[in-house]
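Here are the chains, one letter per residue:
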Amino acid sequence: GEDVEQSLFLSVREGDSSVINCTYTDSSSTYLYWYKQEPGAGLQLLTYIFSNMDMKQDQRLTVLLNKKDKHLSLRIADTQTGDSAIYFCAFPISGGYNKLIFGAGTRLAVHP
Amino acid sequence: KAGVTQTPRYLIKTRGQQVTLSCSPISGHRSVSWYQQTPGQGLQFLFEYFSETQRNKGNFPGRFSGRQFSNSRSEMNVSTLELGDSALYLCASSFNGPTNTGELFFGEGSRLTVL
């Protein structure tokens, strides 16, 4: 079955770039997603990438997709303290749009 | 446009009791999904409803059930609560129209503590 792996922690200095990585075992889905969860809150969609794209840039966010290696990454440029949160990669299971499998989440800590 | 609203936000129950959680989706969204989030298991899919019909179901015991009403509002129920049911229960709604990108809009969750 499908599985998603993420590293659990990442610590960066304010102003540096953050790169959060995600590997998956199988995905035939059309879209792959990155969600952000701040303390005590629900999940917020940060960005998504269409499966026939290799890269998508959205302001400070860059998503890279390597389908051959089944690797998805999220780069946050000029990381700010407000970016401190948990970041989840996710993709639909069995082709269904609304049944997502999530990685365990990467906790990003931004320090001065 | 109002976001996804979940009630109650926090609740405490004891083992053996049952609980009902409510979710009001974004206006115009007909799909509602439920997820359980725990420190040990992470985010796990419970079920999804579309136009009052359950379309997808996760791997949870029958104690977990849900329904959707004609106005797209949804409820989930957990009976005979166990300590392991303590979790943040997240509801998400989706448009599911022809230009759908599959984006889920999440509520802030209902945090259930079972004592």
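To keep things clear, this report deals only with the structure shown in the data block. (Residues numbered from 1 in each chain as written. Chains lettered and ligands numbered in written order. Predicted model: local features only at pLDDT ≥ 70, side-chain atom pairs only at ≥ 80, totals over all residues. Heavy atoms only, no water.)

1. A look at the state of the cysteines
Step number 1: Tallied over the full model, the rule gives two disulfides over all chains.
Step number 2: Note on cysteine connectivity: Cys22(A) is disulfide-linked to Cys89(A), with sulfurs 2.0 Å apart. Here the S-S torsion is close to 70 degrees, and the disulfide linking Cys22(A) with Cys89(A) is therefore right-handed. Remark: Cys89(A) occurs in strand S9 (residues 85-92) and Cys22(A) occurs in strand S3 (residues 18-24); sequence separation between them is 67 residues.
Step number 3: One disulfide in the model links Cys23(B) with Cys91(B); its S-S distance is 1.7 Å. (Disulfide = S-S within 2.5 Å. Helix = DSSP H or I, 4+ residues; strand = E, 2+ residues; numbered from the N terminus.)

2. Quick notes on the interface of chain B and chain A
Step number 1: Taken together, the contact pairs 23 residues of chain B with 16 residues of chain A.
Step number 2: Of the roughly 1,600 Å² buried between chain B and chain A, counting both surfaces, carbon and sulfur atoms make up 54%.
Step number 3: At the boundary of chain B and chain A, one finds zero salt bridges.
Step number 4: Our count for the chain B to chain A interface comes out at three residue pairs in polar contact (both at pLDDT 80 or more).
Step number 5: At the level of secondary structure, the elements contributing two or more residues to the side of chain B that touches chain A comprise strand S4 (31-38), strand S5 (42-50), strand S6 (53-57) and strand S9 (87-94) of chain B.
Step number 6: Split into classes, the residues belonging to the side of chain B that touches chain A amount to seven nonpolar, ten polar and six charged. (Contact = heavy atoms within 4.5 Å. Buried area = accessible area lost by both parts, 1.4 Å probe. Salt bridge = Lys/Arg side-chain N within 4 Å of Asp/Glu carboxyl O. Polar contact = N/O pair within 3.5 Å; in protein donor to acceptor, adjacent residues only side chain to side chain. Nonpolar A, V, L, I, M, F, W, Y, C, P; charged D, E, K, R; others polar.)

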